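# Remarks on the overall topology
Now for the letters of each chain:
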Amino acid sequence: MADSLPTEFDVVIIGTGLPESILAAACSRSGQRVLHLDSRSYYGGNWASFSFSGLLSWLKEYQQNSDIAEESTASWQGPIHETEEAITLLKKDETIQHIEVFCYASQDMDDSIEETDALQKNPSSIISSTTTKPLDSACLSEETHSLYATGHELPAKDTPKSDGEISLEVTDVEDTLAKEKYCGDKTCIHTVLDGDKDENKPIEEDNTDQPKRNKITYSQIVKESRRFNIDLVSKLLYSQGLLIDLLIKSNVSRYAEFKNVTRILAFREGKVEQVPCSRADVFNSKELTMVEKRILMKFLTFCLDYEQHPDQYQAFVQCSFSEYLQTKKLTPNLQHFVLHSIAMTESSCSTIDGLKATKNFLRCLGRFGNTPFLFPLYGQGEIPQCFCRMCAVFGGIYCLRHKVQCLVVDKESGRCKAIIDHLGQRINAKYFIVEDSYLSEETCSNVQYKQISRAVLITDQSILKADSDQQISILVVPPLESGTCAVRVTELCSSTMTCMKDTYLVHLTCSSSKTAREDLESVVKKLFTPFTETEIDKEELTKPRLLWALYFNMRDSSGISRSSYNGLPSNVYVCSGPDCGLGNEHAVKQAETLFQEIFPSEEFCPPPPNPEDIIFDGDDKQLEASGTNNIIMAKLDSSEGSKNLESPGKHLQN
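Computed from a predicted structure; not experimentally measured.

### With respect to the overall build of the protein chain
Looking only at helices and strands, the protein chain features 14 helices and 27 strands. Relative to all contacts within the protein chain whose residues are 6 or more apart in sequence, the contacts with residues 24 or more apart total 75%. When the accessible surface of the protein chain is summed, it comes to about 28,300 Å², and 46% of that surface belongs to carbon and sulfur atoms.

What follows is the structure, given as structure tokens:
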């Protein structure tokens, strides 16, 4: 397909993240000729979801990316005219840093043999005796081995599954038992052993009162790899948020299913508690006294229309939200709930921002469930694909693994005229939309990026036991030390189609101050017990066991003004990667703002036409079957383009 690409388009979009995918759908829906490219082998960029084996392959790709040498420009300078100049794009993705992977789950004898054989067959594997322990000795066994490997291969990664107009390729990944920590251009493989115990034997506990747990081994995780859909970015959808409204308005919601987040949790005095959200939850709560219930309901009622009562907060506009809550006669217990589990803000946020966040939380209650949040089945990575599918339905052309060498800029007008791809083909267009990660260091030399600290954990039980083991929970852990940020924890059960049975997938997110492991490790220790611990007291037995952990830092390019980029042509627009926020509001706002800037007279993602309502030249008769070829239609057969509306998920409707 790449050899026969058309050379003329209205819009060329580079990158398939959420804002780019929304823009692609909006442009295609308005009748523009859209070419949507991505140098990666999967949709979504840093918004993607992977199977477990696919995630290991993604990690391997990053190590290979760091070894990419700069190509000679002579191979693609030919199509550039004398009156034009080239703006080179980046050849490797540098948005992910400080990747560290640890496996705590025990391995079967066959697994150990397989891994040993694989390392013996690899002549370039070098054992290093100098390494830093991944966690302190209180959390890991003393035997930690570090291997520097550059020759072992991981196959091409899995891509998220999907059906419909867009062909999403899925490549099998062989069962690899490598646990990898990426340090610059080297790959560090950490194997965590079970101390002096024979790792081929099951762990025996003397405590007969210990609750029975299914032992999950690493080989089981690899075997059930396709049961996992692991998001690179952890987000939830506010039920009254911009993304939900856009999904419904554009009818893109037909391509996805959602589940309610079932619990809002709080971490206080070293314990995890469930937070009452609705009026019924408040009055049924056993954590609050009757007086606290009345005080809380009165305050939440005020927050719903706080703009109508400026006299109650105007004097505290310059104060922090935490200080304001203290003036409202809220008990410390209620202040904690409101600040960290309802407003979900930092203690230092302003009073106005805290009230806005609280109101937003409250107005989202009850639309689709008893909490304000929804989660897409199969992970956040489904959402960009849904918009890509809409773009393809309306004629957009997609090419993955298609690199763009440069933007071609007219020297006289300063406008971008074309791109040149890795095949040397020149593709002309009127407008160009580029994901930030594709821009060169020269273009971004004045840009100051923030960082997001991320952790992905696989555990064997929920952080708060309940009657049902199918709970989707969100928890905000307040800063454990001064100068640190609150950590957002999202726990997903197997019914979300993101993890295998008898396990939970846990995402941790916060703004970075150090490396991801340094930022998040203390919270992990508070909530979980590493699987390899041999001496566990009774209190530790109540914690979920940690089976596998991944830490990494992700670039946060949100909030960067256009003027920060050097030499950007007027018809080239930049989309940012994921931000640190819980919702997707920034991505939707950015996509709509850029679309209105490019096509001010067009409606942003209008509802698709109903083929039954289309008529010819004022004729009252309905379209004949032969006439539908001249109309671009978005309606798909339920068996082909959309998923069942029934359980386990739900579709969004007005």
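### Re the side chain of Q380
Considering the arrangement of structural elements, one finds Q380 in the loop between β15 (373-376) and α11 (382-393). For Q380, a relative accessible area of 0% corresponds to the buried category. Of the polar contacts made by the side chain of Q380, one reaches the side chain of N584; its length is 3.1 Å. Ignoring anything within four residues of it in the chain, the contact list for Q380 reads L18, W47, S49, D231, V233, K235, L237, F375 and N584.

### Remarks on the pattern of salt bridges
Scanning all chains against the criterion turns up 19 salt bridges. Of the charged contacts, one joins R33 and D10 as a salt bridge, the two residues approaching to 3.1 Å between their closest N and O atoms. With R33 in the loop between α1 (18-29) and β2 (34-37) and D10 in the segment before β1 (11-14), the pair connects residues that are 23 residues apart, well separated along the chain. Using a relative accessible area of 7% as the deciding quantity, one classes D10 as buried.

### Section: the pairing of strand β5 (residues 96-103)
With six of its eight residues buried, β5 lies for the most part within the structure. In this sheet, strand β26 (residues 545-556) lies alongside β5 in antiparallel orientation, the contact comprising six bridges. In the strand pairing of β26, Q97 is matched with N553.

### Quick look at the sheet that holds strand β17 (residues 404-410)
Spatial ordering of the open sheet is given by β4-β17-β18-β19, a layout of four strands whose pairing is antiparallel. Edge strands, defined here as strands with exactly one partner in the open sheet, are β4 (84-88) and β19 (426-428). Sheet twist, expressed as the average angle between the axes of neighbouring strands with direction ignored, equals 30°. Here five bridges tie β4 to β17, and the two strands are oriented antiparallel to one another. Looking at β17, one finds that E84 is bridged to D410.

### With respect to the layout of surface pockets
Empty space within the largest pocket amounts to approximately 1,100 Å³. Every residue lining the largest pocket is counted, 39 residues in all, and those nearest its centre are M344, C580, G581, L582 and G583. Residue assignment for the lining of the largest pocket shows that the elements contributing at least two residues are α10 (351-363), β21 (450-459), β23 (487-492), β24 (504-511) and α14 (585-598). A total of six residues in the lining of the largest pocket trace back to one element, the largest contributor, which is α10. Of the residues belonging to the lining of the largest pocket, the class tally is 16 nonpolar, 13 polar and ten charged. Counting residues domain by domain, the lining of the largest pocket receives three or more from each of domain 1 (8-92 + 378-447 + 559-598) and domain 2 (227-376 + 449-556).

### Comments concerning the side chain of D38
With respect to the secondary-structure elements, D38 resides in the loop between β2 and β3 (49-50). A residue is classified by how much of its surface remains accessible, and D38, at 0% relative accessible area, is buried. Polar side-chain contacts of D38 include one of 2.9 Å to the backbone nitrogen of R40. In contact with D38, not counting residues within four places along its chain, are G15, T16, G45, C399, L400, R401, H402 and Y438.

### Details of the nonpolar core
One recurring pattern in soluble globular proteins: nonpolar side chains tend to sit buried together. Ranked by internal contacts, the top residues of the largest apolar core, which has 76 residues, are F52, W58, F299, F321, F373, W548 and L550. In this structure F52 touches Y218, I221, V222, S225, F228, I230, I458 and W548, once residues within four positions along its chain are discounted. Formed by 48 residues, the second largest nonpolar core is a distinct cluster that contains A26, F387, Y573 and F595.

Parameters at a glance
The residue numbering used here restarts from 1 in each chain and proceeds along that chain's sequence as written. With pLDDT at 70 or above as the cut-off, local features in this predicted model cover only qualifying residues; side-chain atom pairs require 80 or more to be listed or tallied, and sums for whole chains, interfaces and linings still use all residues. Values reported for side chains reflect all heavy atoms of the structure, with hydrogen atoms and water molecules removed beforehand. The way it works is that DSSP assigns letters per residue, a run of H or I at least four long becomes a helix, a run of E at least two long becomes a strand, and they are numbered from the N terminus. Every residue pair with non-hydrogen atoms within 4.5 Å of one another is taken to be in contact. The Shrake-Rupley method, run with a 1.4 Å probe sphere, supplies the accessible areas, and residue values consider only the shown protein chains as cover. Buried, partly exposed and exposed residues are distinguished by accessible area as a fraction of the type maximum, computed with a 1.4 Å probe on protein chains only: under 20%, between the cut-offs, and over 50%, respectively. Within 3.5 Å is the distance limit for a polar contact, defined as a pair of N or O atoms, with the added protein rule that one can donate a hydrogen and the other accept it, and that residues adjacent in sequence qualify only through two side-chain atoms. Salt-bridge detection follows one rule: a side-chain nitrogen of Lys or Arg within 4 Å of a carboxyl oxygen of Asp or Glu. Paired strands, in this sense, are two strands between which DSSP finds at least two bridges. Simply put, an axis is a line fit to the C-alpha atoms, just over the touching stretch for a helix, and the angle between two N-to-C directions goes from 0 to 180 degrees. Within this scheme a cavity is a closed region of a 1 Å grid, computed over the protein atoms alone, that accommodates a 1.4 Å probe without allowing it to escape, whereas a pocket is open but has protein on both sides within 12 Å along at least five of seven lines; lining residues each have an atom within 4 Å of a point. Grid points are joined across faces, edges and corners, and a volume is the space filled by probe spheres set on the points. In this classification, Asp, Glu, Lys and Arg are treated as charged, Ala, Val, Leu, Ile, Met, Phe, Trp, Tyr, Cys and Pro as nonpolar, and every other residue, Gly included, as polar. Where a domain begins and ends is set by an automatic assignment or by a domain database. In this description, a nonpolar core means a group of buried Ala, Val, Leu, Ile, Met, Phe, Trp, Tyr and Cys residues linked to one another through side-chain atoms lying within 4.5 Å.

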